[in-house]
Protein chains: 2
Amino acid sequence: MATTQQRAATTAKATSSPSTDVPMPDEGRHRVVVFDVEPRVDRGSFDVKRIEGDVLRVVAVLVADGHDRVRGVLRSKRPGSSRWVETPMRARGNDRFEAELALDAIGRWELAVEGWIDDLETWRHGLERKAEVGEVSDVDLAIGAALIERAASRCGNGSGEGDRELLERAAKAIADPRAARDERVRLALSASTAELCARHPERALATRSESWGVLVDPPHARFASWYELFPRSTGEDGRHGTFRTAEAWLPYVAEMGFDVLYLPPIHPIGIAFRKGPNNTLTAGPTDPGSPWAIGGAEGGHTAVHPDLGTLADFDRFVASARDHGLKIALDVAFQASPDHPWVTEHPEWFRHRPDGTIQYAENPPKKYQDVYPFDFECEDWRNLWRALRDVFEFWIARGVTIFRVDNPHTKPIPFWRWCIASLKSAHPEVTFLSEAFTRPALMYSLAKAGFTQGYTYFTWRNTKHELESYLRELTKTDVAEYFRPSFWPNTPDILPEDLQYGGRAAFLARLVMAATMSSHYGIYGPAFELMDHVARPGSGEYLDNEKYQLKRWDRDRPDSLRRAISLINRIRREHPALQRNDGVVIHRTDNDMLLCFSKSHGEDAVLVVVNLDFHHRQSGWVDLDLDVLGLDPHTTFQAHDLLGGGRYLWHGGRNYVEVDPHAMPAHVFALRRRVRTERDFDYFL
Amino acid sequence: MATTQQRAATTAKATSSPSTDVPMPDEGRHRVVVFDVEPRVDRGSFDVKRIEGDVLRVVAVLVADGHDRVRGVLRSKRPGSSRWVETPMRARGNDRFEAELALDAIGRWELAVEGWIDDLETWRHGLERKAEVGEVSDVDLAIGAALIERAASRCGNGSGEGDRELLERAAKAIADPRAARDERVRLALSASTAELCARHPERALATRSESWGVLVDPPHARFASWYELFPRSTGEDGRHGTFRTAEAWLPYVAEMGFDVLYLPPIHPIGIAFRKGPNNTLTAGPTDPGSPWAIGGAEGGHTAVHPDLGTLADFDRFVASARDHGLKIALDVAFQASPDHPWVTEHPEWFRHRPDGTIQYAENPPKKYQDVYPFDFECEDWRNLWRALRDVFEFWIARGVTIFRVDNPHTKPIPFWRWCIASLKSAHPEVTFLSEAFTRPALMYSLAKAGFTQGYTYFTWRNTKHELESYLRELTKTDVAEYFRPSFWPNTPDILPEDLQYGGRAAFLARLVMAATMSSHYGIYGPAFELMDHVARPGSGEYLDNEKYQLKRWDRDRPDSLRRAISLINRIRREHPALQRNDGVVIHRTDNDMLLCFSKSHGEDAVLVVVNLDFHHRQSGWVDLDLDVLGLDPHTTFQAHDLLGGGRYLWHGGRNYVEVDPHAMPAHVFALRRRVRTERDFDYFL
């Protein structure tokens, strides 16, 4: 009762006023409503990501009251074009429409969906029903003739004039009471009349969705294998490496099958508060410092460390890498050492402490006095944004189109949104890998803001449940529309526990998982293939970390994993299913140490079984979802282990597997359908 | 290679231009990003629906770069108010924030979420970490003092002046280098300083979400039991019933436990093309015609059929119903008989055929010549919209606040959106039940457009799989935020097959399902309780349908289901769990003829088991999800059958059930937890 009284009190005042304060729309006769347009990210607030060559399937609900016929088009504007092009949408039942669009250009496409009531088709449909029961009247035909006449009046000049004449003639014939009614009905229902009418629809009351964006990237944004190398560690006899000495590593990296060679920052390094080996606070006179403490007397983000060489040497290195089929990715780390030129040229871009000093980076109680963050809340933020954007422009002008962005999660999302959009509007081929090992919301926000790919939690996902649920999150949810994962088993910052303690099997298993679960992956080498696994005590960081000192790597060490890496990269190149993540299916196994998933694309199907126990042989039964794999449950198929070379004849979904980590901790099977030839001789596709 | 060349060609032009065409935001320093605000419908495009007294939980991701502390508020504007009120949001981890809002007024609430970086809390957090390791410096304290001084400068006049003084004093003390540092740190970290600072946050760079709406309805919008009655069939001795004779039915309907008495249209009925019994095309002189052929010489949508009485009689009937605890729902059917006054007064609101006649309704080849649809595409659509809206206004002014809208899916969505918003802005207590038995997209569009409830496909869902998946769709998806289902086992238009052939058990089972699966349900009586089950041959319609002729119903027939209906309606009133749909859980049974689900709310838990086989006794085991039901798996609980009266002691999730359709085709159990009293004497809650 209290509730009722309260309600009465609440509404008493409102009830006495007339309902006149809700404005009518300017045009209330747009009867079609557009709903559930997919794919979009947050209803079009952010761009959907695709790859050049993809065919985008757009679906939408176009619904109108009653039973009138609705038609729809997908409108698209190619990158850089101002012209809308229309693709008819097909009705799929239950008011759902769809259309495909071939994304044959890199850049930002703009899309919209439009629907309208097709009065002519509605009339024709009714006429058909009436004709079936022989109940067509002259009035019915006159109604349609009037509609066709209106279609004629919509014909443009020039090429439209032919249609106008045809439509006018059809309208006259259909309306002509002296002609035989059957003939008139036949003309009205003819395919040629339908086509003619469909070319000149009445769209004055059409409904158009808001437009949204699809960002189309070059293929390597989805499928690439990265190798991270410190060029300064390529010197001979303990000397600081140079771009010239790094050139000697190019054949090695290329032979392993990598596409992208990623260099940590190549800029001058600050001297003030330089870090010594193992992240100690005092550096000796010969300690090289961290490449991420950017900027010195020799310059900042657009200069090259003099010990590495000159800009001309860099250019030569890039060209030489290209000759080896390798693209160079540069590291962009937006922070300054105290010796960065901007510290004196643009003190307004930094935060100042009450004692007049500049605020260094800190994560209390930790201090990073060798690094000054930029103050994105400064008054001069506009010039700071432009200057940072122009760092990318500088390297793009030198031919670099791939960037790995350091710690983007410590710079504001709105900055990245503008910076990346600005760069991609002029250089749509440029890609940005986000090195954001941070909270999920922030990681995904960066992806929505425009980053091409992102580092992931793969590095710390070890158990079957963790790996399966993460794989599902990345490939089977909306996340897949905007976040492209890059899987890294290690980085200079992270030596995870499994690699510390799991031995060779761990390295191999993590390599196979990274390279097969994610079409985009990378390793920090040579630490990876040489199985560097010693951590600084009590940390998840490498002992004698290359970040703070020069390293010598013996790339010819006989126990190196380079051959296994070459093999897995070759398998990736040969199997389109591994070059994308949309065909993932997780299959049940009866052993929690055995992870099993497949990837399919077209005819290609790859099945991966990983032993997550790096110490013991594990076996069990896998239950394959044959339907999804396109395999006939009644026919034998072949599981060809691309790593071990074995070929197994399997029949049905339930199959036995055994994985010995001491040999190879994973199977990567190509599943081959049996094909019966005309001469009744079987082979496997 | 072709791909690469093509890409080069595509981007060559763009690459040469500088990246300057993407504008910067006016203010780029809004570092907080607001994401995933829930609940919203289509990201706020449509209102979320709730009931007066509900507590709305709003969750949102408020995420900023780096590790700075973020704070957020839920902003809300009560119906009719222009003042925003703020509720602090609580951090829930992973950048997720939430707040609750008590919806204590009917009408449209406006909500928004706002987040900002709390610089003072960020500083205090860092200071705490530094204090733990004894590394606080004077500069650290000076930084905070400056922040506190800025907070002081934000204090308003009047009541804020006290805070300003306190803040200024705290800033001075914290900055004072002569005082003991420990004391200064203690003051900085004190709860009172924190509270003081929190009252005056820096929000100049806060980020605010777009606002969205929550439509709060009276409780009967969610929980109500409807009874549909043709008043014209309440006459004695074959005479046309009147509002006076219908009054005699009010105690009967009230005793069965219904809340809403819904009348088919009560307006004058057209004579032209009037339908005869069983929908025949020719009516005899005494045939009353269909109440949905609205309008005659005596008036249209705002007139009362003279045979029913006068407007004064209607008012008396409404008042009398109210005395019996019954609200009257009127049927609003926007169409006109050829005799409707508007046909001559407003011919511009109808579509005209080439022969000068007005276009009647048709669904070719079917013709409905007794009904003219309005032409919502006419030039004068604005006045048509207003006139239709004013039909509601007319009846609202006579005290009617519940409408059942006939065939809303044959009128444009934009019209309903405006019409309902317009009416609810002045009369927020008014509700609209959509009679749209149409395609799902259209049904849900009408709900988004503002309809309070909607008829559903329940009427045709018979198998366990159909019922379970439909229940899930309605209660466990986004649909639940905007579409309130109303379950009807029958209507004057629909006599489904199960009722035609299933006998008494079918009527009882469908009644129990409608009344327990959906908190909002109704029956078309007395056809239902008297188990009228004879269809016109070859149709799903009643033989001798009340739509076209007067009926005589013997409400005292001994086989009537009225007692079972009274019982189920009393159970609904006594069990809060049945008065809403959000607590539904479907439980597994090992017999496909046994449907089993529960509803819980607070302490109340109801378990329903229905035998979908109306002819044979069925038994089986149910697997209850005890966790969801809040039951201890190690303690006996009681299943009290509210229909049959039996009380069963159950233990654990797996329990045996048996349902005999010849007795009662369903169990409705109250699940009662065992409560141990202080004297170690158990009883059941």
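Here the residue numbering is sequential within each chain, running from 1 through the sequence in written order. Throughout, the order in which chains and ligands are written sets their labels, letters from A for the former and numbers from 1 for the latter. Side-chain atom pairs in this predicted model are given and counted only at pLDDT of 80 or more, local residue features only at pLDDT of at least 70, and totals for whole chains, interfaces and linings cover all residues. Each side-chain value is derived from all of the structure's non-hydrogen atoms; neither hydrogens nor water enter the calculation.

Chain A appears in an unreviewed UniProt entry as Alpha-1,4-glucan:maltose-1-phosphate maltosyltransferase from Sandaracinus amylolyticus. UniProt positions are given in the numbering used here, feature names are shortened, and annotations may be inferred rather than shown by experiment. In UniProt, chain A has this text filed under Subunit (unreviewed entry): "Homodimer." Per UniProt, the comment on chain A under Sequence similarities (unreviewed entry) is "Belongs to the glycosyl hydrolase 13 family. GlgE subfamily."

A.B. asks: For the sheet that holds strand 30 (residues 654-659) of chain B, give the residues involved together with the corresponding values.
C.D. replies: Pairing between the strands of a sheet is mediated by backbone hydrogen bonds and can be parallel or antiparallel. Taking strand neighbours across the sheet as the criterion, the 3 strands line up as 24-27-30 (chain B) in an open arrangement whose pairing is antiparallel. The sheet is open, and its two edges are formed by strand 24 (588-589) and strand 30 of chain B, each paired on a single side. Paired strands, in this sense, are two strands between which DSSP finds at least two bridges. By definition, any uninterrupted DSSP run of H or I lasting at least four residues is a helix, any uninterrupted run of E lasting at least two residues is a strand, and each is numbered from the N terminus.

A.B. asks: Outline the UniProt feature "binding site: alpha-maltose 1-phosphate" (unreviewed entry) in chain A, listing residues and values.
C.D. replies: All names here are of chain A. As annotated in UniProt, the feature "binding site: alpha-maltose 1-phosphate" (unreviewed entry) corresponds to Lys275, Gln335, Asp370, Asn407, Lys547 and Tyr548 in the numbering used here. In this structure, Lys275 sits in the loop between strand 12 (260-263) and helix 9 (311-323). Exposure classes here rest on a 1.4 Å probe applied to the protein chains alone. A residue is buried below 20% of its type maximum, exposed above 50%, and partly exposed in between. Overall, the relative accessible area of 7% leaves Lys275 in the buried class. Those residues in contact with Lys275, other than ones at most four positions away along the chain, are Thr280, Leu281, Ala283, Gly289, Tyr368, Asp370 and Tyr548. Here a residue-residue contact requires only that any non-hydrogen atoms of the pair lie within 4.5 Å.

A.B. asks: Which residues make up the sheet that holds strand 7 (residues 96-102) of chain B, and what values do they have?
C.D. replies: Here we have 4 strands laid out as an open sheet, ordered 1-3-7-6 (chain B), and antiparallel in their pairing. The outermost strands of the open sheet, each flanked by one partner alone, are strand 1 (33-38) and strand 6 (90-91) of chain B. Looking at chain direction, strand 1 of chain B and strand 3 (residues 55-63) of chain B are connected through 4 bridges and run antiparallel. Looking at strand 3 of chain B, one finds that B:Glu38 is bridged to B:Val59. Lines fitted to C-alpha atoms define the axes, with helix axes restricted to the stretch in contact, and inter-axis angles between N-to-C directions lie between 0 and 180 degrees. Here helix 13 (residues 440-449) of chain A sits on the sheet and contacts strand 1 and strand 3 of chain B; the angle it forms with strand 3 of chain B, its principal contact strand, is near 65°.

A.B. asks: With reference to specific residues and values, describe the pairing of strand 10 (residues 212-217) of chain A.
C.D. replies: Residue and element names in this part refer to chain A. For strand 10, the buried fraction is high: 6 of the 6 residues fall into the buried class. Here strand 10 shows a buried face lined by Trp212, Val214 and Val216 and a second buried face lined by Gly213, Leu215 and Asp217. The sheet contact formed by strand 2 (residues 48-51) and strand 10 spans 4 bridges and is parallel. Bridging from a neighbouring strand, Arg50 pairs with Val216 of strand 10. Relative to strand 10, strand 8 (residues 107-117) is paired through 5 bridges, and the arrangement is antiparallel. Directly across from Trp109, in strand 10, lies its bridge partner Val214.

A.B. asks: Explain the side chain of A:His575 residue by residue, including any values.
C.D. replies: Positionally, A:His575 belongs in the loop between helix 17 (562-574) and strand 23 (584-586). Once residues within four sequence positions are removed from consideration, A:His575 is found in contact with A:Asp604, A:Val606, A:Leu642 and A:Ala670.

A.B. asks: Before we move on, can you summarise the packing of aromatic side chains with the specific residues and values?
C.D. replies: Planes of paired rings set the category: under 30 degrees apart is stacked, over 60 is edge-to-face and the rest tilted, where pairs are Phe, Tyr or Trp rings (Trp by its six-membered ring) whose centres lie within 6.5 Å. Evaluated as defined, the whole model comprises 86 aromatic pairs over all chains. When the centroid spacing of 6.2 Å and the interplanar angle of 70° are considered together, the rings of B:Phe334 and B:Phe415 count as edge-to-face. Taken together, the residues span a long stretch of sequence, with B:Phe334 in the loop between strand 13 (327-332) and strand 14 (335-336) and B:Phe415 in helix 12 (residues 413-426) at a distance of 81 residues. On the basis of relative accessibility, which here comes to 2%, the residue B:Phe334 falls in the buried class. With a relative accessible area of 0%, B:Phe415 lands in the buried category. When the centroid spacing of 5.1 Å and the interplanar angle of 80° are considered together, the rings of B:Tyr444 and B:Phe483 count as edge-to-face. Residue B:Tyr444 is found in helix 13 (residues 440-449), and its partner B:Phe483 is found in the loop between helix 14 (464-476) and strand 21 (485-486); the two are separated by 39 residues along the sequence. In this pair, the class of B:Tyr444 matches that of B:Phe483, namely buried. A network of ring pairs unites the aromatic residues A:Phe334, A:Phe376, A:Trp381, A:Trp385, A:Phe392, A:Phe403, A:Phe415, A:Trp416, A:Trp418, A:Phe432 and A:Phe451 as a single cluster. Ring-over charges, as used throughout, are those where CZ of Arg or NZ of Lys falls within 6 Å of the ring centre and within 35 degrees of the ring normal. The ring centre of B:Tyr470 lies 5.3 Å from the NZ or CZ of B:Arg461, which sits over that ring.

A.B. asks: Tell me about the UniProt feature "domain: Glycosyl hydrolase family 13 catalytic" (unreviewed entry) in chain A, residues and numbers included.
C.D. replies: Under the feature "domain: Glycosyl hydrolase family 13 catalytic" (unreviewed entry), the UniProt entry names residues 224-557 of chain A. Spanning residues 224-557 of chain A, this segment combines 31% helix with 14% strand, and its end C-alpha atoms are found 26 Å apart.

A.B. asks: Now, about the pattern of salt bridges: what can you tell me, with residues and values included?
C.D. replies: Residue and element names in this part refer to chain A. When a carboxyl oxygen of Asp or Glu is within 4 Å of a side-chain nitrogen of Lys or Arg, the pair counts as a salt bridge. Within this structure, the stated rule accounts for 127 salt bridges over all chains. With its nearest N and O atoms 2.7 Å apart, the salt bridge here joins Glu603 to Arg673. Here the residue Glu603 occupies a position in the loop between strand 25 (594-601) and strand 26 (604-611), and Arg673 occupies one in the loop between strand 31 (666-672) and strand 32 (674-676), the gap between them amounting to 70 residues. For Arg673, a relative accessible area of 31% puts it in the partly exposed group.

A.B. asks: Describe the interface of chain B and chain A, naming the residues involved and giving the relevant values.
C.D. replies: The partner chain A presents 92 residues to the 91 residues of chain B that form the contact. Buried area: the sum, over both parts, of the accessible surface (1.4 Å probe) that disappears when the two are put together. Between chain B and chain A, a total of about 7,700 Å² is buried, with carbon and sulfur atoms accounting for 59% of that surface. Seen at the junction of chain B and chain A, the total is 10 salt bridges. For A:Arg29, the salt bridge is made with B:Glu379, and the minimal N-O distance between the two is 3.5 Å. Under the rule applied, a polar contact is a pair of N or O atoms within 3.5 Å (in protein, one hydrogen donor and one hydrogen acceptor; residues adjacent in sequence only if both atoms are side-chain atoms). Taken together, the connections running from chain B to chain A amount to 24 residue pairs in polar contact (both at pLDDT 80 or more).

A.B. asks: So, the domain arrangement of chain A: which residues are in play, and what are the values?
C.D. replies: Domain start and end points were adopted from an automatic or database domain assignment. When the domains of chain A are assigned, the result is domain 1 (24-117 + 211-217), domain 2 (119-200), domain 3 (218-579) and domain 4 (584-684). Placing the centre of domain 2 of chain A and that of domain 4 of chain A at their C-alpha centroids yields a distance of 59 Å.

A.B. asks: Give a description of the confidence of the model for chain A that names residues and reports values.
C.D. replies: In the predicted model, chain A carries a mean pLDDT of 94, and 95% of its residues have values of at least 70. Confidence scores here are pLDDT values: one per residue, from the predictor, ranging 0 to 100. Ignoring residues within four places in sequence, the model shows residues 1-17 of chain A, a span with pLDDT below 50, making 22 contacts including any to other chains.

A.B. asks: Outline the environment of B:Tyr470, listing residues and values.
C.D. replies: Residues and elements named next belong to chain B. Within the secondary structure, Tyr470 sits in helix 14. Assessed through its relative accessible area of 4%, Tyr470 is described here as buried. Along the sequence, Tyr470 and Thr456 sit 14 residues apart, while their C-alpha atoms lie 9.6 Å from each other. Apart from the residues within four sequence positions on either side, Tyr470 is in contact with Met443, Thr456, Tyr457, Phe458, Arg461 and Phe487. In terms of polar contacts, Tyr470 uses its side chain to reach the backbone amide nitrogen of Tyr457, at 3.0 Å.

A.B. asks: Please give an account of helix 11 (residues 381-397) of chain A that cites residues and values.
C.D. replies: An α-helical turn contains 3.6 residues, so any two residues separated by three or four positions project in the same direction. All names here are of chain A. Multiplying one less than the number of residues by 1.5 Å gives the expected span of a helix. Under the 1.5 Å per step criterion, the end-to-end length of helix 11 is 24 Å for 17 residues, consistent within 8% with the ideal 24 Å. What helix 11 keeps buried is the set Trp381, Leu384, Trp385, Ala387, Leu388, Arg389, Val391, Phe392, Glu393, Trp395 and Ile396. Next to the buried residues of helix 11 lie helix 9, strand 13 (327-333), helix 10 (341-345), strand 18 (402-406), helix 12 (413-426) and strand 19 (431-435). Just beyond helix 11, the residue with positive phi is Gly399, at close to 95°.

A.B. asks: Outline the packing of helix 12 of chain B against helix 13 of chain B, listing residues and values.
C.D. replies: All names here are of chain B. At a minimum axis distance of 8 Å, the contact between helix 12 and helix 13 shows a crossing angle of 25°. As summarised for this structure, helix 12 and helix 13 are arranged roughly parallel, according to the angle between their axes. Note that helix 12 runs across helix 13; the crossing there is right-handed. Listed contacts from helix 13 to Ile413, Trp416, Arg417 and Ile420 of helix 12 are Leu442, Ser445, Leu446 and Ala449. Any residue outside Ala, Val, Leu, Ile, Met, Phe, Trp, Tyr, Cys, Pro, Asp, Glu, Lys and Arg is labelled polar, Gly included; the first ten of those are nonpolar and the last four are charged. Here the contact of helix 12 with helix 13 is built from residues that sort into 6 nonpolar, 1 polar and 1 charged. An angle counts as roughly parallel when it lies under 35 degrees, as roughly antiparallel when it exceeds 145, as roughly perpendicular when it falls between 65 and 115, and as oblique in every other case. If you view the pair so one helix is near and one far, a crossing is left-handed when the near helix is turned anticlockwise from the far one by less than a right angle, and right-handed when it is turned clockwise.

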